[in-house]
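Next come the chains, spelled out residue by residue.
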Amino acid sequence: MPSFSNVFLAAFCITFGLKLWLALRQMRYVWLHRDAVPEAFAASVDLDQHRKAADYTLAKGRLSLVNLALEGVLLLLFTLGGGLQWLGDRAVDTVSSPLWQGTLFLLALMAISAIAELPLSLYRQFVVEARFGFNRQTLSGFAVDLVKQALLGLAIGTPLILLTLWLMAAMGSLWWLWVWLAWMAFNLLVLAIYPTFIAPIFNKFTALADKDLKARIERLLERTGFRSSGVFVMDGSKRSSHGNAYFTGLGQSKRIVFFDTLLDQLDPNQTEAVLAHELGHYKRRHVLKRIVLMFGLSLSLLLVLAWLKNADWFYAGLHVARHSDAMALALFFMVLPVFLFPFTPLMSLYSRKHEFEADAFAAAHCPPADLISALVRLYRDNASTLTPDPIHSIFYDSHPRAAERIAHLQTLDSRGPAMAAI
Ligand SMILES: [Zn+2]
């Protein structure tokens, strides 16, 4: 039987080879289509804008290659290179209680990963985003965000890790069920408090002031039978000029949030159409389906972890001599993505299906032409490529390609709003 080291190395080569191949394909495809605007967009996107989108995609592609190399080296150093073993030993040297040893070890691991990613985040924000005119953040703003994220991570992460490790040690053979219940309760709690307690740490939210737009939105909410605790504008412009809109919160606490940058980009008809699309995600129960799917996946992953936690070959195969609950967690969540990555297209497909459904919902409640013009505007202003590589897109894209999405909306348009509702 092959040792687990070899199985892991084989999966590592497949996953990283696949990622590299996809990134290079995307860059080549975008480069080859750089000099011609696709016909469907010829009236709304000029050649300079199209080239800017290509150059932006290529710049992000080069960054993703550096990120891929960093990710691969770190993973190998931590596992086969003995990094986790070393870090675990340091935690044991520092504190005496096994519970705190495990917590310290996991927190240190997260801190090291975050620090390793920092140079790339800085480069992304202050070189790539800045070069294409999207960065609105200052270095001090970036530092303040970083400190807030670290403190929030500590405040949330420490009790969660302590509770998980305690349940793993104290609950016998059914520990995985208890950990699952705790994680899911915790998840729901974070979702519920996010809009009122967590998001305001990073951004200012103000009630939508534009009376006309507000009245239109209220009519749309009424037409679609949607209840929410308000429509807010977020100061997204303090970090980036990319625009967006989203829903947040659970049940009655859910609210609609527009980035101020989105309201600057779109006219009221387009804004209403974008909101109708977002409402479609709620009305078609996409949020609920995702939560249920995530709960099911977490349970199956914990069952696998329960099996691996007691398997000597798992630790030995990843060059770790120290067996502990914290080590099992670290190894599992570090190595897992290597085995799961080839299944990425399934999640992307599921997500694109939801996007088509939300577009159909929007087309039933607003003129599809408004959503089309909003999308074109957003593609153009955000320099999103109109010509992604089809295979890269099948793999990664949570949204359908621009041309496909617009073609779909056009079919809804010709059938008229009444038909589109079916
Ligand atoms: Zn969507």
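Note that this is a predicted model, so its numbers are computed, not measured. (Residues numbered from 1 in each chain as written. Predicted model: local features only at pLDDT ≥ 70, side-chain atom pairs only at ≥ 80, totals over all residues. Heavy atoms only, no water.)

Student: I'd love a proper account of the overall build of the chain, names of residues and values included.
Tutor: A count of helices and strands for the chain gives 16 helices and four strands. Seen along its three principal axes, the alpha-carbon backbone of the chain occupies a region of about 65 × 50 × 45 Å. The burial tally for the chain puts 45% of its 422 residues in the buried class. In the chain, 77% of the contacts between residues at least 6 apart in sequence involve partners at least 24 apart. When the accessible surface of the chain is summed, it comes to about 21,200 Å², and 66% of that surface belongs to carbon and sulfur atoms. One finds the centroid of the 38 positive side-chain charges in the chain at a distance of 3 Å from the centroid of its 32 negative side-chain charges. (Helix = DSSP H or I, 4+ residues; strand = E, 2+ residues; numbered from the N terminus. Buried < 20%, exposed > 50% of the residue type's maximum accessible area, 1.4 Å probe, protein only. Contact = heavy atoms within 4.5 Å. Areas by Shrake-Rupley, 256 points an atom, 1.4 Å probe, with all protein chains shown as cover. Lys, Arg positive; Asp, Glu negative; His and termini not counted. Charge placed at Lys NZ, Arg CZ, Asp CG, Glu CD.)

Student: Describe the pairing of strand S4 (residues 255–259), listing the residues and the values that go with them.
Tutor: Of all five residues that make up S4, five are buried, and the element is covered over most of its length. Here S4 shows a buried face lined by Arg 255, Val 257 and Phe 259 and a second buried face lined by Ile 256 and Phe 258. The sheet contact formed by strand S2 (residues 231–234) and S4 spans four bridges and is parallel. Opposite Val 233, over in S4, you have Phe 258 as the bridge partner. (Pairing = 2+ DSSP bridges.)

Student: How would you sum up the pattern of salt bridges? Please name residues and give values.
Tutor: Counting across every chain of the model gives 17 salt bridges. Residue Lys 214 pairs with Glu 218 through a salt bridge whose shortest N-O separation is 3.9 Å. Linking Lys 214 with Glu 218, this pair stays in helix H7 (residues 211–224), spanning four residues, or about one helical turn. With a shortest N-O distance of 3.0 Å, Asp 381 and Arg 377 are connected by a salt bridge. Placement of the pair is Asp 381 and Arg 377 together in helix H14 (residues 368–381), with a separation of four residues, close to one helical turn. (Salt bridge = Lys/Arg side-chain N within 4 Å of Asp/Glu carboxyl O.)

Student: If you had to explain the environment of Arg 223 to someone new, which residues and values would you point to?
Tutor: Within the fold, Arg 223 resides in helix H7. Given a relative accessible area of 44%, Arg 223 falls into the partly exposed group. Remark: the alpha-carbon pair of Arg 223 and Phe 197, spanning 26 residues in sequence, is separated by 30 Å. Those residues in contact with Arg 223, other than ones at most four positions away along the chain, are Glu 272, His 365 and Cys 366. Within the structure, the side chain of Arg 223 is placed 3.3 Å from the side chain of Glu 272, a separation counted as a polar contact. (Polar contact = N/O pair within 3.5 Å; in protein donor to acceptor, adjacent residues only side chain to side chain.)

Student: For the sheet that holds strand S1 (residues 205–207), give the residues involved together with the corresponding values.
Tutor: Strand order in this open sheet of four strands is S1-S2-S4-S3, and the pairing throughout is mixed. Taken across any chain shown, the strands that pair with only one partner, and hence form the sheet edges, are S1 and strand S3 (245–248). The sheet shows a mean angle of 35° between the axes of neighbouring strands, taken without regard to direction. Together, S3 and S4 form the strand contacts of helix H9 (residues 268–283), whose direction differs from that of S3 by roughly 35°. (Axes fitted to C-alpha atoms, helices over the stretch in contact; angles between N-to-C directions.)

Student: Describe the nonpolar core, and please don't skip the residues or the numbers.
Tutor: Core analysis: the largest hydrophobic core is formed by 48 residues, its most contacted members being Leu 84, Phe 105, Leu 106, Trp 175, Leu 302 and Leu 331. For this core, the element with the most residues is helix H12 (residues 325–340), which contributes eleven residues. When neighbours within four sequence positions are excluded, Leu 106 is seen to be in contact with Ile 161, Leu 165, Ala 326, Leu 329 and Ala 330. Ranked by size, the runner-up nonpolar core spans 45 residues in total, among them Val 45, Leu 208, Phe 361 and Ala 363. (Core = buried A, V, L, I, M, F, W, Y, C linked by side-chain atoms within 4.5 Å.)

Student: Please provide a residue-by-residue account of the packing of aromatic side chains, values included.
Tutor: In the structure shown here, the tally under the stated rule is 19 aromatic pairs. Aromatic side chains Trp 180 and Phe 295 sit 6.4 Å apart centroid to centroid with 80° between the ring planes, which places their arrangement in the edge-to-face category. Linking Trp 180 in helix H6 (residues 175–202) with Phe 295 in helix H10 (residues 286–309), this pair joins segments that are 115 residues apart in sequence. Where Trp 307 meets Trp 313, the ring centres are 5.6 Å apart and the plane angle is 65°; that geometry is what we call edge-to-face. (Phe/Tyr/Trp six-rings, centres within 6.5 Å; stacked < 30°, edge-to-face > 60°.)

Student: If you had to explain the coordination of the zinc ion to someone new, which residues and values would you point to?
Tutor: Here the zinc ion is held by the protein donor atoms His 277 (NE2), His 281 (NE2), Glu 355 (OE) and Glu 355 (OE), which lie 2.1 to 2.8 Å from it. All donors of the zinc ion belong to a single chain; written as a sequence motif, their spacing is H-x3-H-x73-E. Highlighted residues: His 277 and His 281, both in helix H9, separated by four residues, approximately one helical turn. No difference in accessibility class separates His 277 from His 281, as the two residues are buried. (Donors = N, O, S within 2.8 Å, 3.2 Å for Na, K, Ca; no water.)

Student: Would you mind going over the confidence of the model for the chain in detail, with residue names and values included?
Tutor: Per-residue confidence for the chain averages 93 on the pLDDT scale, and 97% of its residues sit at or above 70. Here residues 416–422 is modelled with pLDDT under 50, and outside its nearest four sequence neighbours on either side it reaches eight contacts, counting other chains as well. (pLDDT = per-residue confidence, 0-100.)

Student: Tell me about the layout of surface pockets, residues and numbers included.
Tutor: Taken as a whole, the second largest pocket encloses approximately 770 Å³ of empty space. Lining the second largest pocket are 25 residues, with Leu 109, Met 110, Ser 113, Phe 333 and Met 334 positioned closest to its centre. Mapped by element, the contributors of at least two residues to the lining of the second largest pocket are helix H1 (4–32), helix H2 (47–78), helix H4 (98–131), helix H5 (139–170) and H12. Here the lining of the second largest pocket is composed, by residue class, of 17 nonpolar, five polar and three charged. (1 Å grid on protein atoms, 1.4 Å probe; cavity = no way out; pocket = protein on both sides within 12 Å on 5 of 7 lines; lining within 4 Å. Points joined across faces, edges and corners; volume = space filled by probe spheres on them. Nonpolar A, V, L, I, M, F, W, Y, C, P; charged D, E, K, R; others polar.)

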